[in-house]
Amino acid sequence: MTKVLVVDDSKAMRMIVIRTLRQAGWGSLQVTEAANGAEALEAIRREAPDLVLCDWNMPEMTGIELLSKLNTEGPKVRFGFVTSEGTDSMRERARQEGALFLIAKPFTAETFGTALTPVLGAAT
Amino acid sequence: MTQSIQHDAVIEVTNAVCESLLGDVPEARDQSTASPEGISAWVTIRGAWSGNIEVRLSSGLARRLTRELMCTEASSNDDADLRDVVGELANMIGGNLKALLPEPCALSLPSVATMRPAATPDLVQAFSLRGDAFEVRVSRERRI
């Protein structure tokens, strides 16, 4: 089963992201959650997810700090941002660090479909 | 790139956030509507533009949003789920408005309180959502 880690310091946003994954057709994913980058790092090492969907601005460790740490220390994991900020400079920094996409909040199930299909394959 | 945040931008961003979260677009109202008493959530922006973006809403609306988004009943304004929901509302509206400002700017994590930030707002945009009033308030910090 495909495993996805949803990282956001807002419990409400984690619920919305998971609900949107289901609305986009990925209802059978194994989803785990983390509330910041530090928790996510532990979860990635423990769960080896197929994809990380990560907020940018979080306490403890931000999303971009997490991605940078993964790049230097591993493990390698497919990584995309879901964030309320989508400036050109942030998109460029995310791309330079190897993020596969940056989805700006607010989003729709169609937005998720467009960004995630190349990563997870077509939803059923 | 604009140096300030205008009413049209606040309305456009707030409508998009509410439609995405709630499936409903609020009605923009004039400023004569009485300010809602209840709870405030805000984010602070620091950089080429510095100030606060605040969302102020009634306790009743905050509880309704919490019920709809998290399927939980909040008993008070101190409820963790309620504070999470209104904080994320401010984060999304503030984050999208920040994208309209000159770079570089940094966005804070949201703060939530019954008391409000002391600054006098430069812009107040009132909305009505299913009969409940809420406001988005923009306060620019001026450095002498």
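Bear in mind that the values here come from a model prediction, so they are computed numbers and not experimental data. (Residues numbered from 1 in each chain as written. Chains lettered and ligands numbered in written order. Predicted model: local features only at pLDDT ≥ 70, side-chain atom pairs only at ≥ 80, totals over all residues.)

A.B. asks: Break down the pairing of strand β7 (residues 132–140) of chain B for me, citing the residues and quoting the values.
C.D. replies: All names here are of chain B. Here β7 lies mainly inside the structure; seven of its nine residues are buried. In this structure, strand β3 (residues 51–58) lies alongside β7, joined through seven bridges in antiparallel fashion. Paired with Asn 52 across the strands is Ser 139, a residue of β7. Pairing of strand β6 (residues 123–129) with β7 involves seven bridges; the strand directions are antiparallel. Bridge pairing links Ala 126 to Glu 135 in β7. (Buried ≥ 20, exposed ≤ 12 C-beta atoms within 10 Å, placed from the backbone. Helix = DSSP H or I, 4+ residues; strand = E, 2+ residues; numbered from the N terminus. Pairing = 2+ DSSP bridges.)

A.B. asks: Any chance you could break down the interface of chain A and chain B for me, citing the residues and the numbers?
C.D. replies: Each partner contributes to the interface: chain A provides 17 residues, whereas chain B provides 20 residues. The element best represented in the side of chain A that touches chain B is helix α1 (residues 11–23) of chain A, accounting for five residues. Of the residues that constitute the side of chain A that touches chain B, the class distribution is seven nonpolar, seven polar and three charged. (Contact = placed C-beta atoms within 7 Å. Nonpolar A, V, L, I, M, F, W, Y, C, P; charged D, E, K, R; others polar.)

A.B. asks: A description of the confidence of the model for chain B should follow, citing residues and the corresponding values.
C.D. replies: Chain-level pLDDT for chain B is 90 on average; 91% of the residues reach the 70-or-more range. Summarising per-element confidence for chain B, the mean pLDDT is lowest in helix α2 (residues 59–70) of chain B (93) and highest in helix α3 (residues 80–98) of chain B (96). (pLDDT = per-residue confidence, 0-100.)

A.B. asks: Help me get a handle on the environment of Ala16(B), residues and values and all.
C.D. replies: Along the chain, the position of Ala16(B) falls in helix α1 (residues 7–22). The exposure class of Ala16(B) is partly exposed, given the 17 C-beta atoms found within 10 Å.

A.B. asks: So, the pairing of strand β3 (residues 51–54) of chain A: which residues are in play, and what are the values?
C.D. replies: Residues and elements named next belong to chain A. Burial along β3 is two-sided: Leu 51 and Leu 53 and Val 52 and Cys 54, pointing in opposite directions, are all buried. Sheet analysis places strand β1 (residues 3–7) next to β3, joined by four bridges and oriented parallel. By the bridge assignment for β3, Val 6 is matched with Leu 53. As paired elements, β3 and strand β4 (residues 79–83) share three bridges and run parallel to each other. Following the sheet pairing, Leu 53 is matched in β4 by Gly 80.

A.B. asks: Which residues make up the environment of Arg56(B), and what are the values?
C.D. replies: Tracing the chain through its elements places Arg56(B) in strand β3. It is 20 Å that separates the C-alpha atoms of Arg56(B) and Glu73(B), two residues lying 17 residues apart in sequence.

A.B. asks: Tell me about α1(A), and please be specific about residues and values.
C.D. replies: For α1(A), built from 13 residues, the straight-helix expectation of 18 Å at 1.5 Å per residue is met to within 8% by its first-to-last C-alpha distance of 18 Å. Buried within α1(A) we find Ala12(A), Met13(A), Arg14(A), Ile16(A), Val17(A), Thr20(A) and Leu21(A). (Expected span 1.5 Å × (residues − 1).)

A.B. asks: Any details on unusual backbone geometry? Residues and values, ideally.
C.D. replies: Outside of glycine, negative phi angles account for most residues, and trans bonds account for most peptide bonds. Between Lys105(A) and Pro106(A) the backbone carries a cis peptide bond, its omega angle lying at 0°. For the peptide bond that leads from Glu103(B) to Pro104(B), omega is 0°, which places it in the cis range. Phi angles above zero are rare outside glycine, and Ala48(A) is one such case at about 45°. Along the chain, Ala48(A) falls in the loop between α2 (37–47) and β3. Non-glycine residue Arg130(B) carries a positive phi angle of around 55°. Along the polypeptide, Arg130(B) turns up in the loop between β6 and β7.

A.B. asks: Can you break down the nonpolar core residue by residue, with the values?
C.D. replies: Counting 74 residues, the largest nonpolar core has Val86(B) and Ile93(B) as its most contacted members. Among the elements that make up this core, the one with the highest residue count is α3(B) (eight residues). (Core = buried A, V, L, I, M, F, W, Y, C linked by C-beta atoms within 7 Å.)

A.B. asks: Give me the lowdown on the packing of α1(B) against α3(B), citing residues and values where you can.
C.D. replies: Residue and element names in this part refer to chain B. Closest axis-to-axis distance for the α1/α3 pair is 10 Å, and the angle between their directions is 135°. As the angle between them shows, α1 and α3 are arranged oblique. Seen from above, α1 lies across α3 with right-handed handedness. Contact residues: α1 offers Ala 9, Val 10, Val 13, Thr 14 and Val 17, while α3 offers Leu 89, Met 92, Ile 93, Asn 96 and Leu 97. Here the residues of the contact of α1 with α3 are counted per class, giving eight nonpolar, two polar and no charged. (Axes fitted to C-alpha atoms, helices over the stretch in contact; angles between N-to-C directions. Parallel < 35°, antiparallel > 145°, perpendicular 65-115°, else oblique. Left-handed = near helix turned anticlockwise from the far one by under 90°.)

A.B. asks: Would you mind going over the packing of α2(B) against α3(B) in detail, with residue names and values included?
C.D. replies: Residue and element names in this part refer to chain B. Where α2 meets α3, the closest approach of the two axes is 9 Å, and the angle between their N-to-C directions is 95°. With respect to α3, the element α2 is oriented roughly perpendicular. Contacts between α2 and α3 involve Ala 62, Arg 63, Leu 65, Thr 66, Leu 69 and Met 70 from the former and Asp 81, Leu 82, Val 85 and Val 86 from the latter. Residues that form the contact of α2 with α3 fall into these classes: seven nonpolar, one polar and two charged.

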